[in-house]
Amino acid sequence: MKRTKIAEILRTEPIDTEVVVKGWVKAFRNNQFIALNDGSCAANLQVVVDFENTDPALIDRLKYGAAIGARGQLIESQGKGQRVEVKAAELTIYGDCNPEEFPLQPKRQTLEFLREHAHLRFRTSTFAAVFRVRHALAFAIHKFFHERGFYYMHTPIITGSDAEGAGEMFSVTTLPLNKVPMDENGAVDFSQDFFERATNLTVSGQLEAELGALALGEVYTFGPTFRAENSNTTRHLAEFWMIEPEIAFADLHDNMDLAEAMLQYVTNFALEHCKDDLAILEERLLNEEKTKPQHERSEMSLTEKLRFVVENNFERLTYTEAIDILKNSNPNKKGKFQYPIEGWGADLQSEHERYLVEKHFKKPVILTNYPAAIKAFYMRLDDPKEGVPGPTVSAMDILFPGIGEIVGGSQREERYEVLRKKMQEMDIPETELYWYLDTRKFGSCPHAGFGLGFERLVQFVTGMNNIRDVIAFPRFPGNAEF
RNA sequence: GCCUCAUUAGCUCAGUUGGUUAGAGCGGCGGACUGUUAAUCCGUAGGUCCAAGGUUCAAGUCCUUGAUGAGGCGCCA
């Protein structure tokens, strides 16, 4: 007989039919009640064992974590706490689970402990919920773009360009590391390498996505990204997933509208499709915050926060306006900022971003038109504007409470000469990026795009504080286990 | 990379001013109970106090160095 997933049984409740369920034992109570979970949903199904007519040796193997199957009638539950249960006629043990050796215990475990047992942490209700929500968000992203006529574009993982300027890169090579061939100048002779040139893992698919957008109109990438930065924070990974839409015939405002609509769409998708999982995560967050002092606790519950983002427009303001607000803010006047706001031109520190998002506006914020000097070469130079002390670019960063920067994007510099000049100023070799410049030479048009850190989105929606807890096997400095 | 804090039983933690035999809860194991819901009740085993060195009559406790973990900052998504 074919097994039925527990999600299906709980949805359709086929009372008085025989079912086969298979899953892992989450609890075995009173010598007769198995809480069975098969990962298809957050809820467990209760399997009732007739302990008086079942082999005691078999009952003895119904340990926490064991993989089992049960065949029997689905009946209305004879007890409280659940609507239906399976009256087991036959039990099968697929995989025993020795409780003396199994690292997980049927009790609360710290996230730090589970992080060190990442191969088993899917078995916990928290991580099962996180990864189901992660799936839902990934699916929602594809759905959102597909519905809007975007094409999903696969940009290369291995890149020959080291001029993308988005951070330190991981080298890709088949050269023998114990005997690297050198050329006559004493430099590594990459002509002997697999690709006959130096190659790296991608730090962004943006430049390639732009090429696609300038023919297909609207495209997006959704793939892994690698940064060899020595970053040790709760919001950085060496390997993470990024969504990078790129839209032709669009300016910064179209870009902001797209990003905001997308974040609201996928958040709403999770609210609608992951109710049980979000309930588990909300409860977890609530318990975690109980250990914090009152003033550090959030004013809203997890789902309230998500609903707030879906129902309210993001606050849009320019960098110049933000500097004004920060300069006149209480923490700046009272010297509370570690980095006081001196004036126009400096990059904002995370304490400043947090002040704007969490204290001043209390909602997601889109900051735009940053000084050109602190942003990437490909961002479009703005026309000079009265009251703005220096040149700016059509950049935008979306800041989320608790997460910080979740989106970074811009309108792209589409003017050939302006882009070339900018590249020269920033020491970006034209020969490396001739193909990028070509798009500005042949049928260039205004276009824009952004990068969304997928794990940061998952962090926001699940309420998990550490980015290492929203990806199955996190990669970070000193760690590539599993 | 920088700063701060932590490391004691399988897990989460307590351990007073440096003082005799290092404790608790949960989990495990054994038993009881049998419509339970983190089941409950009784009993029981379980320790390289992160590592190395030092101070001291005496170190889980103080000092030095290192390892690992966590948080903050920087880099960013």
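Residues numbered from 1 in each chain as written. Chains lettered and ligands numbered in written order. Predicted model: local features only at pLDDT ≥ 70, side-chain atom pairs only at ≥ 80, totals over all residues. Heavy atoms only, no water.

Undergrad: Please set out the sheet that holds strand 8 (residues 171-172) residue by residue, giving values where relevant.
TA: Within the open sheet, the 3 strands sit side by side as 7-9-8. Their pairing is antiparallel. Each edge of the open sheet is held by one strand with a lone partner, namely strand 7 (158-159) and strand 8. Taken together, the 2 bridges between strand 8 and strand 9 (residues 199-201) define a ladder with antiparallel strand orientation. Bridging from a neighbouring strand, Ser171 pairs with Asn200 of strand 9. (Pairing = 2+ DSSP bridges. Helix = DSSP H or I, 4+ residues; strand = E, 2+ residues; numbered from the N terminus.)

Undergrad: Describe in detail the pattern of salt bridges, supporting the description with residues and values.
TA: Counted according to the given criterion, the structure contains 25 salt bridges. Linking Asp96 and Arg61 is a salt bridge whose minimum nitrogen-to-oxygen distance equals 2.8 Å. Separated by 35 residues along the polypeptide, Asp96 in the loop between strand 5 (84-95) and helix 3 (111-115) and Arg61 in the loop between helix 2 (56-59) and strand 4 (67-76) bring together distant segments of the chain. For Arg61, a relative accessible area of 35% corresponds to the partly exposed category. Where Glu210 meets Arg440, a salt bridge forms, and the shortest distance between an N and an O atom there is 2.7 Å. With Glu210 in helix 5 (residues 206-216) and Arg440 in helix 13 (residues 434-441), this pair connects stretches of sequence that are 230 residues apart. For the pair formed by Glu210 and Arg440, the shared burial category is buried. Look at the salt bridges and you will find they share partners, linking Glu210, Glu246, Arg412 and Arg440 into a network. (Salt bridge = Lys/Arg side-chain N within 4 Å of Asp/Glu carboxyl O. Buried < 20%, exposed > 50% of the residue type's maximum accessible area, 1.4 Å probe, protein only.)

Undergrad: An account of the domain arrangement of chain A is needed here, citing residue identities and associated values.
TA: By a widely used convention, the size of an interface equals the accessible area lost when the partners come together. Taken domain by domain, chain A holds domain 1 (6-102) and domain 2 (123-168 + 203-469). Just the C-alpha atoms count here: the centres of domain 1 and domain 2 sit 45 Å apart. Counting residues at the interface gives 7 residues for domain 1 and 6 residues for domain 2. Where domain 1 abuts domain 2, roughly 510 Å² becomes buried across the two surfaces, and 48% of that area is made up of carbon and sulfur atoms. Of all residues in domain 1, the largest losses of buried area upon contact with domain 2 belong to Trp24, Lys26 and Ala42, amounting jointly to 58% of the total for that side. For the pair domain 1 and domain 2, the interface holds 0 salt bridges. Counting the contacts that link domain 1 with domain 2 gives 2 residue pairs in polar contact (both at pLDDT 80 or more). Residue classes in the side of domain 1 that touches domain 2 are distributed as 4 nonpolar, 2 polar and 1 charged. (Domains from an automatic or database assignment. Contact = heavy atoms within 4.5 Å. Buried area = accessible area lost by both parts, 1.4 Å probe. Polar contact = N/O pair within 3.5 Å; in protein donor to acceptor, adjacent residues only side chain to side chain. Nonpolar A, V, L, I, M, F, W, Y, C, P; charged D, E, K, R; others polar.)

Undergrad: I'd love a proper account of the confidence of the model for chain A, names of residues and values included.
TA: Confidence in the prediction of chain A, expressed as mean pLDDT, is 94, and 99% of residues score 70 or more. This complex was scored by the predictor with a pTM of 0.95 and an ipTM of 0.92. (pLDDT = per-residue confidence, 0-100.)

Undergrad: With reference to specific residues and values, describe helix 6 (residues 252-273).
TA: Helix length check: helix 6 (22 residues) gives 31 Å between terminal C-alpha atoms against 32 Å at 1.5 Å per residue, within 8%. The backbone nitrogen of His253 has a side-chain oxygen 3.0 Å away, supplied by the residue at the start of helix 6, namely Asp251. (Expected span 1.5 Å × (residues − 1).)

Undergrad: Can you lay out the pairing of strand 4 for me, pointing to particular residues and giving the numbers?
TA: Within strand 4, 7 of the 10 residues are buried, which leaves it mostly tucked inside the rest of the structure. Where strand 4 lies against strand 5, 10 bridges are found, and the strand directions are antiparallel. Following the sheet pairing, Gln73 is matched in strand 5 by Lys87.

Undergrad: Before we move on, could you go through unusual backbone geometry and cite the residues and values that matter?
TA: Even without a glycine there, the phi angle at Asp16 is positive, about 70°. Along the polypeptide, Asp16 turns up in the loop between helix 1 (6-12) and strand 1 (18-29).

Undergrad: Before we move on, can you summarise the packing of aromatic side chains with the specific residues and values?
TA: If you walk through the whole model with that rule in mind, you get 22 aromatic pairs. A centroid spacing of 5.9 Å and a plane angle of 70° characterise the contact between Phe122 and Phe473, whose relative ring orientation is edge-to-face. Here Phe122 is found in the loop between helix 3 and helix 4 (125-147), whereas its partner Phe473 is found in the segment after helix 14 (454-462), with 351 residues between them in sequence. Its relative accessible area of 28% is what places Phe473 among the partly exposed residues. (Phe/Tyr/Trp six-rings, centres within 6.5 Å; stacked < 30°, edge-to-face > 60°.)

Undergrad: If you had to explain a nonpolar patch on the surface to someone new, which residues and values would you point to?
TA: There is a patch of nonpolar side chains on the surface, built from Ile157, Ile158, Phe194 and Phe195 and spanning about 370 Å² of accessible area. Position of Phe195 relative to the elements: it lies in the loop between strand 8 and strand 9. (Patch = residues over 30% accessible without salt bridge, like charges linked within 9 Å, V, L, I, M, F, W, Y side chains within 5 Å. Areas by Shrake-Rupley, 256 points an atom, 1.4 Å probe, with all protein chains shown as cover.)

Undergrad: Give me the lowdown on the protein's contact with RNA strand B, citing residues and values where you can.
TA: Around RNA strand B, a shell composed of 52 residues is seen, among which Asn30, Lys80, Lys107, His236 and Arg456 lie nearest. A distance of 2.6 Å separates a base oxygen of RNA strand B from a polar atom in the side chain of Gln46. A distance of 2.7 Å separates a base oxygen of RNA strand B from a polar side-chain atom of Gln82. For the surface near RNA strand B, the element with the most residues is strand 15 (residues 404-411), which contributes 4 residues. Looking at the surface near RNA strand B residue by residue, the classes come out as 12 nonpolar, 24 polar and 16 charged. (Near = heavy atom within 4 Å.)

Undergrad: An account of helix 4 is requested, with residue identities and associated values reported.
TA: The end-to-end C-alpha distance of helix 4, which contains 23 residues, comes to 32 Å, matching closely the 33 Å that a straight helix rising 1.5 Å per residue would cover. Immediately beyond the C-terminal end of helix 4, within one or two residues, lies Gly149, with a positive phi of roughly 80°.

Undergrad: Which residues make up the environment of Gln294, and what values go with them?
TA: Its place among the elements puts Gln294 in the loop between helix 7 (275-290) and helix 8 (302-311). In this structure, the C-alpha to C-alpha distance between Gln294 and Ile141, residues 153 residues apart in sequence, is 36 Å.

Undergrad: Outline the sheet that holds strand 14 (residues 395-400), supporting the account with residue identities and numerical values.
TA: Ordered in space as 6-10-11-16-15-14-13-12, the 8 strands form an open sheet in which the pairing is mixed. The open sheet has two free edges, formed respectively by strand 6 (151-152) and strand 12 (315-318), since each of these has just one partner strand.

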